[in-house]
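Observations on the three-dimensional arrangement
Spelled out from the first residue to the last, the chains are:
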Amino acid sequence: FAGHRDNAAAQKLAGRILEKTADTALLIFNWPGHGDDSREEIYLQDCDAYLRRVLHYIQNTLRPEILDVCATSFGGYLILKYISDHEASPFRRICLRCPAVVMDQVLEQTILTPEELGIIEKGGRVPAGFDRKVYLTRAFMDSLHEVGLADRDLHGFADRILIVQGTADEVVPYEAVRGFAADQVRPAAQAA
């Protein structure tokens, strides 16, 4: 479960999975600046490095026959970015709840105020987040603008991805996720 260890959804998922399956392990980890992670600022390259370390640990210590992942919001964005960047997926199945496929827009239109965006634009940093605040910088925002998940081809992973998105979500816009799923996740043969 990609997010942070004190997430109530992760704890609930862990309880349900582990009570039903004896041969399953569930690992919940913190992204940089999430949960009790010590970082105060967040950068996309650090998120990728954290995920690579987690995958290395899982594959070399737990040695699973099957590896699935579940992620929410920013975590969903990071999982999609990871499989696109590495042009491979170690995951058999990918379950994304309200993935922030347009993370830059989520921050700019929903989470940050115009004043906070101005501070970032001038080179300052501002705290943002729900469970815990992490500082966002211009470098982080610029990297979000550069990534653009909508510009990536994820059709090769479409049969592994399940997206769950509510129409009344107040943070991640439903239409953005719906459009992303229609354009990027659905296999190309069905997209026409």
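Coordinates for the structure precede this section.
Just so you know, these numbers come straight off a predicted model, no measurement behind them.

The final tally for this structure, using the stated rule, is three aromatic pairs. Between F74 and Y77, the aromatic rings sit 6.0 Å apart at their centres with planes inclined by 15 degrees, giving stacked as the arrangement. Here the residue F74 and the residue Y77 both occupy positions in helix α3 (residues 74–86), the gap between them amounting to three residues, near one helical turn. Ring geometry for F74 and F140: centres 6.2 Å apart, planes at 75 degrees, overall edge-to-face. Highlighted residues: F74 in helix α3 and F140 in helix α6 (residues 138–147), separated in sequence by 66 residues. For the residue pair F74 and F140, the accessibility class agrees, reading buried in each case. Ring pairs connect the aromatic residues F74, Y77 and F140, which therefore count as one cluster.

Turning to the packing of helix α4 (residues 103–111) against α6, a few remarks are in order. The N-to-C vectors of α4 and α6 enclose an angle of 130 degrees; their axes lie 8 Å apart at closest approach. Between α4 and α6, the interaxial angle falls into the category oblique. Residues M103, D104, L107 and E108 of α4 pack against F140, M141, L144 and H145 of α6. Residues belonging to the contact of α4 with α6 are distributed by class as follows: five nonpolar, one polar and two charged.

With that settled, the discussion passes to α6. Within α6 the residues assigned to the buried category are F140, M141, S143, L144 and V147. Buried residues of α6 fall within an arc of 160 degrees about the axis and therefore sit on the same side. Buried residues along α6 sit against α2 (44–62), α3, α4, α5 (114–121) and β6 (134–136). Positioned one or two residues after α6, G148 has a phi angle of 50 degrees, which is positive.

It is worth spelling out the pairing of strand β3 (residues 69–72) at this point. The pairing of β3 with strand β4 (residues 94–97) spans four bridges and is parallel. Bridged to T72 within β4 is R97. Of the crossover connections in this fold, the one passing from β3 over α3 to the parallel β4 is right-handed.

In this section: the pattern of salt bridges. Counted by the stated rule, this structure contains eleven salt bridges. A salt bridge links D68 to R93; the nearest nitrogen and oxygen atoms lie 3.0 Å apart. Placement of D68 in the loop between α2 and β3 and of R93 in the loop between α3 and β4 is noted, with a sequence separation of 25 residues between them. Residue class for D68 comes out partly exposed when judged on its relative accessible area of 34%.

What counts and how
Residues numbered from 1 in each chain as written. Predicted model: local features only at pLDDT ≥ 70, side-chain atom pairs only at ≥ 80, totals over all residues. Heavy atoms only, no water. Phe/Tyr/Trp six-rings, centres within 6.5 Å; stacked < 30°, edge-to-face > 60°. Helix = DSSP H or I, 4+ residues; strand = E, 2+ residues; numbered from the N terminus. Buried < 20%, exposed > 50% of the residue type's maximum accessible area, 1.4 Å probe, protein only. Axes fitted to C-alpha atoms, helices over the stretch in contact; angles between N-to-C directions. Parallel < 35°, antiparallel > 145°, perpendicular 65-115°, else oblique. Contact = heavy atoms within 4.5 Å. Nonpolar A, V, L, I, M, F, W, Y, C, P; charged D, E, K, R; others polar. Arc of directions from axis to C-beta. Pairing = 2+ DSSP bridges. Right-handed = clockwise from strand over helix to strand, strands pointing away. Salt bridge = Lys/Arg side-chain N within 4 Å of Asp/Glu carboxyl O.

Shape descriptors only; they carry no functional weight alone.
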